[in-house]
Amino acid sequence: MNDTASTDASAHPRVFLVVVDDSEEMRVALRFAGQRARHTGGRVALFRAIEPVEFQHWMGVGELMREEARQEAEALMDRMSQQVVEMTGAIPIIYLREGTTREELMNLIDEEKSISVMVLGAAAKADNPGPLISYLSSKGAARLRIPITIVPGSLTDEEIDALT
């Protein structure tokens, strides 16, 4: 069976959304999404939410913390974007938002109709797959309009390449 998109794939390529954080399982999800995008003529989209800073007594301190969080998020997105370009040869779509990850992710999926699939990595050494996967597979599932691919965080690059 041929896994490439239909003849209008260039007009509407599949978009594989990856939620970016510092975890090992995210890197597994990123590789999976990159390989799928490369093999199907799709694109990778990267999402990161900058969580709100808790109330600070001094407004300047809170603003400084918010700015530092944004700079860290931008640096992480830049590094992940470079990896996507190396894997796929294409620049990823970047979504960087301020707010809680859950709410901003759900809003993004509602707003961006081009997103086809969300790819998440499950924690390899934990009693649960992770807070986002737990939420999306229970309460959040009713709000989703796209499928989720959950990639085991323990997969090696070779195993991912064989699967994709």
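Draft legend 1. Layout of the side chain of Ser23. Here Ser23 lies in the loop between strand S1 (15-19) and helix H1 (24-40). In terms of polar contacts, Ser23 uses its side chain to reach the side chain of Asp21, at 2.6 Å. Here Met26 takes part through its backbone nitrogen, which lies 3.1 Å from a polar atom of the side chain of Ser23.

Draft legend 2. Highlighting the pattern of salt bridges. All told, the structure shown has 9 salt bridges when counted by the stated rule. In this structure, Asp157 engages Arg31 in a salt bridge whose closest nitrogen and oxygen atoms are separated by 3.7 Å. Separated by 126 residues along the polypeptide, Asp157 in helix H5 (residues 157-163) and Arg31 in helix H1 bring together distant segments of the chain. In this structure, Arg143 and Glu103 form a salt bridge, with 3.3 Å as the shortest nitrogen-oxygen distance. Here Arg143, found in the loop between helix H4 (131-136) and strand S5 (148-152), pairs with Glu103, found in helix H3 (residues 101-111); they are 40 residues apart in sequence, far enough to count as distant. Exposure remark for Arg143: the relative accessible area of 33% places this residue in the partly exposed category. Overall, Glu103 belongs to the partly exposed group, its relative accessible area being 36%.

Draft legend 3. Geometry of the sheet that holds S5. Strand order in the open sheet made by the 5 strands is S3-S2-S1-S4-S5, with parallel pairing throughout. Each edge of the open sheet is held by one strand with a lone partner, namely strand S3 (93-98) and S5. Across the sheet, the mean angle from the axis of one strand to that of its neighbour is 25°, orientation sign disregarded. Lying on the sheet, H1 is in contact with S1, strand S2 (43-50), strand S4 (117-122) and S5; it crosses S1 at an angle near 170°.

Draft legend 4. Focus on the environment of Pro129. In this fold, Pro129 is placed in the loop between S4 and H4. Spatially, the C-alpha atom of Pro129 lies 8.9 Å from that of Gly153, the residues being 24 residues apart in sequence.

Draft legend 5. Fine view of the pairing of S4. Extensive coverage of S4 is indicated by the burial of 6 of its 6 residues. Summarising the sheet, S1 and S4 pair through 3 bridges and their orientation is parallel. The residue bridging Leu17 from the neighbouring strand is Met118, located in S4.

Draft legend 6. Quick peek at a negative patch on the surface. Where like charges cluster on the molecular surface, the negative patch consists of Asp22, Glu67, Glu68 and Glu72. Here Asp22 lies in the loop between S1 and H1. Given a relative accessible area of 57%, Asp22 falls into the exposed group.

Thresholds, definitions, all that
- Residues numbered from 1 in each chain as written.
- Predicted model: local features only at pLDDT ≥ 70, side-chain atom pairs only at ≥ 80, totals over all residues.
- Heavy atoms only, no water.
- Helix = DSSP H or I, 4+ residues; strand = E, 2+ residues; numbered from the N terminus.
- Polar contact = N/O pair within 3.5 Å; in protein donor to acceptor, adjacent residues only side chain to side chain.
- Salt bridge = Lys/Arg side-chain N within 4 Å of Asp/Glu carboxyl O.
- Buried < 20%, exposed > 50% of the residue type's maximum accessible area, 1.4 Å probe, protein only.
- Pairing = 2+ DSSP bridges.
- Axes fitted to C-alpha atoms, helices over the stretch in contact; angles between N-to-C directions.
- Contact = heavy atoms within 4.5 Å.
- Patch = residues over 30% accessible without salt bridge, like charges linked within 9 Å, V, L, I, M, F, W, Y side chains within 5 Å.
- Areas by Shrake-Rupley, 256 points an atom, 1.4 Å probe, with all protein chains shown as cover.
- Lys, Arg positive; Asp, Glu negative; His and termini not counted.
- Charge placed at Lys NZ, Arg CZ, Asp CG, Glu CD.

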